Amino acid sequence: MTRRLVTGAVIGAIAAVMSAGAAAQGMKADPKSYVPGVAGCNTTNCGYWLSATGTPAYNGGAGLSGNLCWRTGYWAPSMAIEQCDPDLVPKPVPPAPAPVVTPPPPPPAPPPPAPPPAPVVQKITLASKALFDFDKAVLKPEGKAAIDSEIISKLSGVQKLELVLVTGHTDPIGTQAYNQKLSERRADAVRDYLVSKGVPKDKIETLGMGKTQPIPGVVCNQKNLKEKIACFAPLRRVEVEVKGEVIKR
């Protein structure tokens, strides 16, 4: 009776050693190193053998050294833990990167302001016959009417008045010195009338040209003085140039 019990115990011990060796050999087929640590498992279905302290049992028992966890017969890849089979443990999926928000394009720059209109110069020629008597520098009534209709009425369509240039001219009868003074007096007479009608005096300039700027094409060879004076009538003139911005209608 005693011999059977001993024999049975010996056979059980040999079977346990062989079973442990086979399990260890099976784990050594996987050339993976493991870091010991606390292993949690289901009490009814543990994937690894646990030591008395509750940590996975390694193949270093009975004075041996090892770093492979002992798997139980219930083990399945889904039961892998980080301490024993880190390559089989599902890795956490990193959060999706935040979508890149493209800022809206800046609003288009407003168009540059339109440049101010360039000053316009209007040149108006008034015949001296309507303005003055021959060899005179006193404005006649019909001369004032001509200035009103041809100059004053047009100034109402000009804004930002820059300059009114009044230039007097004479015919070639007489000396240049005499005609120079006559042309200046006529230009001054027109200026004074414009000022009386509200044109700023500081915007008016006068200039006398005497007989130095005849009109091309006017040729008078009459021997009779009255006829020659009548022929030279286009040369006796006053020119008014208005410079400013014209109001758009």
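Provided above is the structure to which this section pertains.
Residues numbered from 1 in each chain as written. Predicted model: local features only at pLDDT ≥ 70, side-chain atom pairs only at ≥ 80, totals over all residues. Heavy atoms only, no water.

K.L.:
I would appreciate a short explanation of the overall build of the chain in the present structure.
P.N.:
Broken down by element type, the chain carries five helices and four strands. Shown N-terminal to C-terminal, the secondary structure of the chain runs as helices and strands in the order α-β-α-α-β-α-β-α-β. Relative to all contacts within the chain whose residues are 6 or more apart in sequence, the contacts with residues 24 or more apart total 69%. (Helix = DSSP H or I, 4+ residues; strand = E, 2+ residues; numbered from the N terminus. Contact = heavy atoms within 4.5 Å.)

K.L.:
Would you mind showing me how to read the state of the cysteines here?
P.N.:
Formally, a disulfide is one covalent bond, and it connects the sulfur atom of one cysteine to the sulfur atom of another. Evaluation of the coordinates by the stated rule reveals two disulfides. A disulfide bridge connects cysteine 69 with cysteine 84, and the sulfur atoms are separated by 2.1 Å. Sign of the S-S torsion, about -80° for the bond between cysteine 69 and cysteine 84, identifies this disulfide as left-handed. Remark: cysteine 84 occurs in the loop between helix H1 (2–28) and strand S1 (120–127) and cysteine 69 occurs in the loop between H1 and S1; sequence separation between them is 15 residues. As far as the burial class goes, cysteine 69 and cysteine 84 line up, both buried. A sulfur-sulfur separation of 1.8 Å characterises the disulfide bridge that pairs cysteine 220 with cysteine 231. On the sign convention where negative is left-handed, the bridge of cysteine 220 and cysteine 231, at about -85° about the S-S bond, is left-handed. (Disulfide = S-S within 2.5 Å. Buried < 20%, exposed > 50% of the residue type's maximum accessible area, 1.4 Å probe, protein only.)

K.L.:
How should the nonpolar core be read in this particular structure?
P.N.:
Side chains that are nonpolar tend, in soluble globular proteins, to be buried together. Among the nonpolar cores identified, the biggest contains 20 residues, and Leu139, Ile147, Val164, Val166, Val190, Leu194 and Val240 are the most heavily contacted of them. Where this core is concerned, the elements lending two or more residues are helix H3 (141–155), strand S2 (158–168), helix H4 (176–196) and strand S4 (237–246). If you tally residues by element for this core, the top one is H4, at five residues. With eight residues, the next largest nonpolar core counts Tyr58, Trp75, Ile81 and Val89 among its residues. (Core = buried A, V, L, I, M, F, W, Y, C linked by side-chain atoms within 4.5 Å.)

K.L.:
Teacher, can you tell me more about the packing of H3 against H4 here?
P.N.:
Helices that pack against each other are described as a pair by the angle of their axes relative to one another and the distance between those axes. Running from amino to carboxyl end, H3 crosses H4 at an angle of 65°, the nearest separation of the two axes being 11 Å. The angle between H3 and H4 places the two elements in the roughly perpendicular class. Seen along the crossing, H3 lies across H4 with a hand that is right-handed. In this structure, H3 contributes Lys144, Ile147, Asp148, Ile151 and Ile152 to the contact, and H4 contributes Val190, Tyr193 and Leu194. Of the residues contributing to the contact of H3 with H4, the split by class is six nonpolar, no polar and two charged. (Axes fitted to C-alpha atoms, helices over the stretch in contact; angles between N-to-C directions. Parallel < 35°, antiparallel > 145°, perpendicular 65-115°, else oblique. Left-handed = near helix turned anticlockwise from the far one by under 90°. Nonpolar A, V, L, I, M, F, W, Y, C, P; charged D, E, K, R; others polar.)

K.L.:
Would you explain the side chain of glutamate 239 in this entry?
P.N.:
Take glutamate 239: it is sitting in strand S4. Judged by relative accessible area, glutamate 239 falls into the buried class, the value being 11%. The contact partners of glutamate 239, leaving out residues within four places of it in the chain, are Lys123, Ile124, Thr125, Leu165, Val166, Thr167 and His169.

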